[in-house]
Amino acid sequence: MSPAPFRVQPALDDDNRFFWTSGEDGRLRFLRCQACGYYMHPPLPRCPECGSRDVLPESVSGRGEVFSFTVNHQSWDGGNEPYAIVLITFPEQDGLRLTSNLVNCPPDDVRIGLPVRVVFEQHDLVWFPLFEPA
Amino acid sequence: MTDFERRSIISGIGQSAVGRRLGRSGLDLTLDAAVEAIADAGLTTADIDGIATYPGAVGGAGPGFSGPGTPEVQDALRLNVDWHSGGIEGAAQLAAVINAVMAVGAGLARHVLVYRTVTESTEQGAGGRQGIGIGGAGGGRDAPRMGGALQWSIPFRAYSAANWLAMNAHRHFHEYGTTPEQLAMIAINARRNARLNPKAVYRDPMTLADYLGCRIITSPFRLYDCDAPVDGSTAVIVSAAQHAADVDHPVARVEAVGTALRGRPSWDQFDDMTTMAARDAGAQLWSRTDLKPTDVDVAELYDGFSFLAMTWLEALRFCGKGESGPFVEGGHRIALDGEVPLNTHGGQLSAGRLHGFGFIHEACLQLRGEAGDRQVRTGVEVAAVANGGGPIAGALLLTRQG
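The text that follows walks through the structure, step by step, so that each part is easy to find.

Counting from both sides, the interface comprises 29 residues of chain A and, opposite them, 34 residues of chain B. Secondary-structure elements contributing two or more residues to the side of chain A that touches chain B are strand E4 (63-72), strand E5 (83-89) and strand E6 (97-102) of chain A. Ranked by the residues each element gives to the side of chain A that touches chain B, the list is headed by E4 of chain A, at five residues. For the side of chain A that touches chain B, the class distribution of residues is 14 nonpolar, twelve polar and three charged.

Take a look at the structure:
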């Protein structure tokens, strides 16, 4: 799949900027509780597990696997259908999930359990974390 | 203990014309439904002392989604109310009904007008279904930037609940071996029933080959797995139970509600993708009544996407967890003469996307024995109604009185 010609951009703020600019150095980051080690997504001002306010972005390996998917054929944005929307899980923590796209392979190659690694697609000041077969 | 639910009945129902591109305003349609429901309840506007709707006059939810808010309808009918409520957060679209049941149970109101109005067909016009967040036809540089929860889906071109729920469906396929042919039966059953409903918008026959041959929207969902935007308004009157004696027809008594939400309220972060919020609303409903799933005569279960009716069949325990595929296979169990007649009016897939309230209207008709050619049998005693999908769920159990 070629890069999407267009992506709706997130509205960057102090809470989400780390996530959406994380790919500038090629690393994927989630917010992590420094007290109990819990990764949280989406970001929160305090850890939902232990209540600590000591939460900081930490990089993860960027490797994961496809937990579920859909191949979208409907033209919502006038782009390059079909394309694969995926829900990725990460080895760093059970239940840590991210919705994204599978790229650099035919969309119909997607399957549950497919090992993937992060790649970034830059649009303006945002690095969208996408995934390709590992 | 007298549960609050049993202090209420649905004493009257009303529904406007339902159709594609009716070209009428939401308020106009709403007044048709409201006036019909008030009269059906044996009341006049002077008797109505409460008003509730879903979602209220909210912006940004898509063209034709909201319908008029309660102030507009209250003013048009010159109502004087002791209680009023509109909102999009709660136990799905049924929250409006359940809030009214709570208000009546609490003694704040005696007769509440509850309605849901959509004009999505007219207002979406010829442009087709739109995604969320792309500002209409095809995005572009002027699309708004996305904050809040939608920033975690829309930038990945997951523009629609169709995309989000398709991933739930694929998990169900993966974990339980559910097949497209099984999913198809929800759409085919709906169409079969819609053929007996003069108000349904799609009434042509649909075969399995028709289903499998129609275009993919977002796998595994085909076009016929997605509901049909329409214009229309549905209204019900929630009254104090004592009013049943003053009505010249049977009424629907409220037996139990399901409003629970016990996982993360998120489309992609919920613990069990195959059940989502329906799981807990369904479990709670059965915890609030002595009736059992086998007592249910008719099931009107949300099918904004076909897969959602399957999740509700499981959540309301008409079949075991993960077993909705084999349960619906062949379509016999869910047919009008089956053990769980499902979406007897055609659901939103074929009767039209009245967005939740079509199901409660149909449940009342079936309980009252007024469903015409699609009446499942005489003596319908118990009806289950469910709304919502993903992190949104509400359920209602109704029984016949009179």
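Residues and elements named next belong to chain B. One open sheet accounts for nine strands, arranged E3-E2-E4-E7-E1-E8-E11-E10-E9; its pairing is mixed. A strand with exactly one partner marks an edge of an open sheet, and here the two such strands are strand E3 (83-86) and strand E9 (298-301). Direction aside, neighbouring strands of the sheet carry axes that sit 25 degrees apart on average. Across nine bridges, the pairing between strand E4 (residues 111-119) and strand E7 (residues 231-240) is antiparallel. What sits directly across from Leu113, in E7, is Ile237. Of the strands in this sheet, strand E8 (251-258), strand E10 (382-387) and strand E11 (394-401) are in contact with helix H8 (residues 278-287), which crosses E8 at around 120 degrees.

Residue Pro42 of chain A follows His41 of chain A across a cis peptide bond; omega there is -5 degrees. The residue Pro42 of chain A is located in the loop between strand E2 (39-40) and strand E3 (55-60) in this model. With an omega of -5 degrees, the peptide bond between Tyr54 of chain B and Pro55 of chain B qualifies as cis. The residue Pro55 of chain B is located in the loop between strand E2 (50-53) and helix H2 (70-77) in this model. For Asp124 of chain A, which is not glycine, the phi torsion reads 55 degrees and is therefore positive. In this fold, Asp124 of chain A is placed in the loop between strand E7 (115-123) and strand E8 (126-133). Look at Arg21 of chain B: it is not a glycine, yet its phi comes out positive at around 45 degrees. In this structure, Arg21 of chain B sits in the loop between strand E1 (8-15) and helix H1 (26-40).

Residues and elements named next belong to chain B. Along the chain, Tyr176 turns up in helix H5 (residues 161-176). Residues Tyr176 and Ser324, 148 residues apart in the sequence, show an inter-C-alpha distance of 9.3 Å. Sequence-distant contacts of Tyr176, defined by excluding residues within four places in its chain, comprise Gly322 and Gly325.

Time to look at the sheet that holds E3 of chain A. All names here are of chain A. Taken together, three strands build an open sheet; the order of strands is E2-E1-E3 and the sheet is antiparallel. At either end of the open sheet lies a strand with only one pairing partner, and these are E2 and E3. For strand E1 (residues 28-33) and E2, the ladder comprises two bridges, and the chain directions are antiparallel. Opposite Arg32, over in E2, you have Tyr39 as the bridge partner.

Take the pairing of E3 of chain B next. All names here are of chain B. Here E2 runs beside E3; their pairing, made up of four bridges, is parallel. By the bridge assignment for E3, Ala52 is matched with Ser85. In terms of handedness, the path from E2 via H2 over to E3 forms a crossover that is right-handed.

Bringing the nonpolar core into the picture now. Counting 155 residues, the largest nonpolar core has Val97, Val112, Leu113, Val114 and Val385 of chain B as its most contacted members. With nine residues, the top contributor of residues to this core is helix H3 (residues 95-105) of chain B. The contact partners of Val97 of chain B, leaving out residues within four places of it in the chain, are Val114, Val236, Val238, Ile360 and Leu396 of chain B. Judged by nonpolar contacts, the second largest core, of five residues, contains Phe30, Leu31, Cys47 and Val55 of chain A.

Definitions and cut-offs
Residues numbered from 1 in each chain as written. Chains lettered and ligands numbered in written order. Predicted model: local features only at pLDDT ≥ 70, side-chain atom pairs only at ≥ 80, totals over all residues. Contact = placed C-beta atoms within 7 Å. Helix = DSSP H or I, 4+ residues; strand = E, 2+ residues; numbered from the N terminus. Nonpolar A, V, L, I, M, F, W, Y, C, P; charged D, E, K, R; others polar. Pairing = 2+ DSSP bridges. Axes fitted to C-alpha atoms, helices over the stretch in contact; angles between N-to-C directions. Right-handed = clockwise from strand over helix to strand, strands pointing away. Core = buried A, V, L, I, M, F, W, Y, C linked by C-beta atoms within 7 Å. Buried ≥ 20, exposed ≤ 12 C-beta atoms within 10 Å, placed from the backbone.

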